[in-house]
Amino acid sequence: MRRSLVLIAPVILVALVVSASLRAAEPKPTDDKAAKPEAKPEAKPETKPEKPAVAEPAVPYVVQREPLQIDVTLRGVFEAQTKAELSVRPEVWQTLEVQRAVEHGAVVKKGDVLIQFDLKKIDEEIADLRLKQAMGELALRQAEENLKALEASTPLDLKIAERSHTIAHEDREKFVKSDRPMAEKAAKHLLQTAMDNLEYEREELRQLEKMYKADDLTEETEEIVLKRQRNAVRAAEFRLEVAKVNYEEALKLDLPRRAESVEQATARADLTWAKSKVLLPLALNQARRDMERIKMERKKEAERLKRLEADREALTVKAPIDGVVYYGRFTRGKWSGADAVSESLRRGGTVTKNAVLLTIVQPRPLFLRGSVPESDFAKLSKGLAGTVEPAAFPDVRLPVSVERVDAIPSAADSYEVRLSVKLNEKAPAIVAGMTGTVKLVSYRQEKAIVVPAKAVFFEPDKPGHYVYLVGKDGKAKKQAVTVGRKADDRLEILSGLGEGDRILLDKPKKEDLEKKDVKKKKEDVQQKVPKAGKERKRKKQAAGAK
């Protein structure tokens, strides 16, 4: 009996602890009427105040498949693919007074005069220089003739004549001993080669004709192959004719003439060498100094005249291409300088050299230039398609595609994008400088697993993402997921969730999780108490039987 009491005592102690815990968790009554329900503890909703939000979420989100599309919208400017900037860049002339200029927006052809500057003063300057050049020409010609005579007998010419004499004799000997025999041999070889090639081509033609008589090829295919081979035979025959002519000319004309030229060159070298030894200049150095002075003066005058003439040509600005005239220049989708240019190009106005005055724009083809912030940079790639809505024609949609996205920002938080645009004959009258709104479809998945972005969490010090998945028992637990693209407040889930799964939209609080653990422990204890009572009764009956 004493042994049974010892076994039953721990069970009773556990039951007392559980009962005390349950009473402590119950709300205390404020008066006697509120305390009456204590007589029926089994009717109390003991677990309701401790019901954690994590275990039984009020409104869990049901995962579904739905279309996911990521759009990129940007503002673009239509630009001409072909345009030419025009400026005046004179090297010498400084006075740039406008006589007349073409109007902004005029349609011009290549070679049309766009700007005509005053030419009176520059023409006078050019006329003076040309007169000086004519006078210097006489002096130069006289000095050249004198110098030629003197240079013929200088020591340098003497050495050259001596070397030429030696080379002429060496060339004559080489021609007689090796060049002429080799040339004759080469001519014969080329003739023989042409004859052999003709024979090869004829033989191949014969073999093809035999082969096609016995095969299954179509008549058209046979005719093509045979035609090619017959052409090859005719070409070989012609080459043979050429080889024969060349052979005859080499033996009867070229080699005899070359031999005669060699003999004449040798004789001329002998004469030059003999003359050089006799005629030595006595005033070579002075003549050279005079010659250099005259040349230097003429060179300076000629260079200035050349630059002035080039400047004069530049003062008549012509259209390099067909197109439309725009005042100013087009830089990264923006026109600039139009007002200043308009003032400068009035009659009598002056312009600044090297500044861009006009831009000739070809109406077609056009492209779009725009920019995107850094947040959209990774969403774009070459070939990405979309549409543009021209601001001037809001009911029109034109297809576009990305040609290039600059890897380097053009400004703070701005990356330049170039897009091609298709404009057919039915397209509206869109011109360079107009703007439009571009919409690009960066990503689209028709049946994507999509959840609210706020329902996906991650730990800063741990890789990967996770959600709180609600099980069949209503309890939530962490579920690792692989995320894909994000569109506004929606996030694509690539793996870890399936259609119909339920997840929490908010991250459970830490105290909610602790309450959940306490409740679970209480439920475990409550399950153990009845078992302990049954075990105690069983042991008591067993002891009584003993």
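Everything numeric here is computed off the predicted structure, so don't read it as measured data. Each residue is numbered by its place in its chain's sequence as written, counting from 1. In view of the model being predicted, local features appear only for residues whose pLDDT reaches at least 70, and side-chain atom pairs are presented and counted only at 80 or more, with totals across whole chains, interfaces and linings using the full set of residues. With hydrogens and water set aside, each side-chain value is computed from the structure's full complement of heavy atoms.

**What to know about the overall build of the protein chain**
Item 1. Numbering of helices and strands runs from the N terminus, with a helix taken as a DSSP run of H or I at least four residues long and a strand as a DSSP run of E at least two residues long. Within the protein chain, the secondary structure is distributed over 9 helices and 20 strands.
Item 2. Three labels apply to residues, based on accessible area from a 1.4 Å probe with only protein chains included: buried if under 20% of the type maximum, exposed if over 50%, partly exposed otherwise in between. Taking all 546 residues of the protein chain together, the buried fraction comes to 31%.
Item 3. By element, 53% of the accessible surface of the protein chain is carried by carbon and sulfur atoms, the whole surface being about 36300 Å². The accessible surface values rely on the Shrake-Rupley method and a 1.4 Å probe; as for residues, cover is taken only from the protein chains in view.

**Describing the nonpolar core**
Item 1. Residues Leu-114, Ile-115, Phe-117, Leu-315, Val-325, Leu-345 and Leu-358 are the most contacted members of the largest nonpolar core, which totals 30 residues.
Item 2. Among the secondary structure elements, those contributing two or more residues to this core are strand 3 (83–87), strand 6 (113–117), helix 3 (120–151), helix 6 (284–314), strand 8 (323–327) and strand 11 (356–361).
Item 3. Contacts were defined at the residue level, with two residues in contact if any of their heavy atoms lie within 4.5 Å. Among all residues touching Val-325, those that are not within four sequence positions of it are Val-102, Glu-103, His-104, Gly-105, Ala-106, Val-108, Leu-114, Leu-358, Thr-359 and Ile-360.
Item 4. Buried Ala, Val, Leu, Ile, Met, Phe, Trp, Tyr and Cys residues that are joined via side-chain atoms within 4.5 Å together make up what is termed a nonpolar core. Counting 26 residues, the second-largest nonpolar core is a separate cluster that includes Ala-80, Val-361, Tyr-415 and Leu-419.

**With respect to the pairing of strand 8**
Item 1. With respect to burial, strand 8 is a largely interior element, 5 of its 5 residues being buried.
Item 2. In the sheet, strand 5 (residues 107–108) pairs with strand 8 via 2 bridges, with the strands oriented antiparallel. When the sheet's bridge partners are listed, Val-107 is paired in strand 8 with Val-324. Strands pair, by our definition, only if DSSP identifies at least two bridges between them.

**Regarding unusual backbone geometry**
Item 1. Cis rather than trans, the peptide bond between Arg-364 and Pro-365 has omega equal to 0°.
Item 2. On the secondary structure map, Pro-365 appears in the loop between strand 11 and strand 12 (366–372).
Item 3. For Asp-413, which is not glycine, the phi dihedral falls at a positive 55°.
Item 4. Mapped onto the elements, Asp-413 comes out in the loop between strand 14 (398–405) and strand 15 (415–421).
Item 5. A relative accessible area of 47% means that Asp-413 is categorised as partly exposed.
Item 6. A positive phi angle is found at Asp-488, which is not glycine, with a value near 55°.
Item 7. Here Asp-488 lies in the loop between strand 18 (476–487) and strand 19 (490–495).

**Concerning helix 3**
Item 1. In this analysis, the expected span of each helix is defined as 1.5 Å times one less than the number of residues it contains. Across its 32 residues, helix 3 extends 45 Å between first and last C-alpha, which sits within 8% of the 46 Å expected from 1.5 Å per residue.
Item 2. Contact partners of the buried residues in helix 3: helix 6.

**Regarding the sheet that holds strand 6**
Within a beta sheet, neighbouring strands are joined by backbone hydrogen bonds and run either parallel or antiparallel to one another.
Item 1. Spatially, the 3 strands line up as an open sheet ordered 4-6-7, and their pairing is antiparallel. Taken across any chain shown, the strands that pair with only one partner, and hence form the sheet edges, are strand 4 (98–101) and strand 7 (316–318). The average undirected angle you get between the axes of adjacent strands in this sheet is 10°.
Item 2. Looking at chain direction, strand 4 and strand 6 are connected through 3 bridges and run antiparallel. Bridge pairing in strand 6 places Val-98 opposite Phe-117. Fitted lines through C-alpha atoms serve as axes, helices being fitted only where they are in contact, and the angles separating the N-to-C directions of these axes extend from 0 to 180 degrees.

**Quick notes on the environment of His-189**
Item 1. With respect to the helices and strands, the residue His-189 is situated in helix 4 (residues 155–214).
Item 2. With 58 residues separating them in the primary sequence, His-189 and Tyr-247 have C-alpha atoms 9.4 Å apart.

**Observations concerning the pairing of strand 14**
Item 1. By the bridge criterion, 4 bridges tie strand 13 (residues 385–390) to strand 14 in an arrangement that is antiparallel. Pairing of Val-388 across the sheet is with Leu-398, part of strand 14.

**Some details on the sheet that holds strand 11**
Item 1. Ordered by their spatial adjacency, 4 strands build an open sheet running 3-11-8-5, and the pairing between neighbours is antiparallel. Each edge of the open sheet carries a strand with a single partner, namely strand 3 and strand 5.

**Focus: the pattern of salt bridges**
Item 1. By definition here, a salt bridge exists when the distance from a side-chain nitrogen of Lys or Arg to a carboxyl oxygen of Asp or Glu is within 4 Å. If you walk through the whole model with that rule in mind, you get 29 salt bridges.
Item 2. Residues Glu-184 and Arg-180 are paired through a salt bridge, measuring 3.7 Å at the closest nitrogen-oxygen approach. One end of the pair, Glu-184, and the other, Arg-180, are both in helix 4, 4 residues apart, so they sit about a helical turn from each other.
Item 3. Using a relative accessible area of 29% as the deciding quantity, one classes Glu-184 as partly exposed.
Item 4. Overall, Arg-180 belongs to the partly exposed group, its relative accessible area being 28%.
Item 5. Two residues, Glu-303 and Arg-307, come together in a salt bridge whose shortest N-O distance is 3.3 Å. Of this pair, Glu-303 and Arg-307 both sit in helix 6, 4 residues apart, roughly one helical turn.

Just geometry here; none of it tells us what the structure is for.
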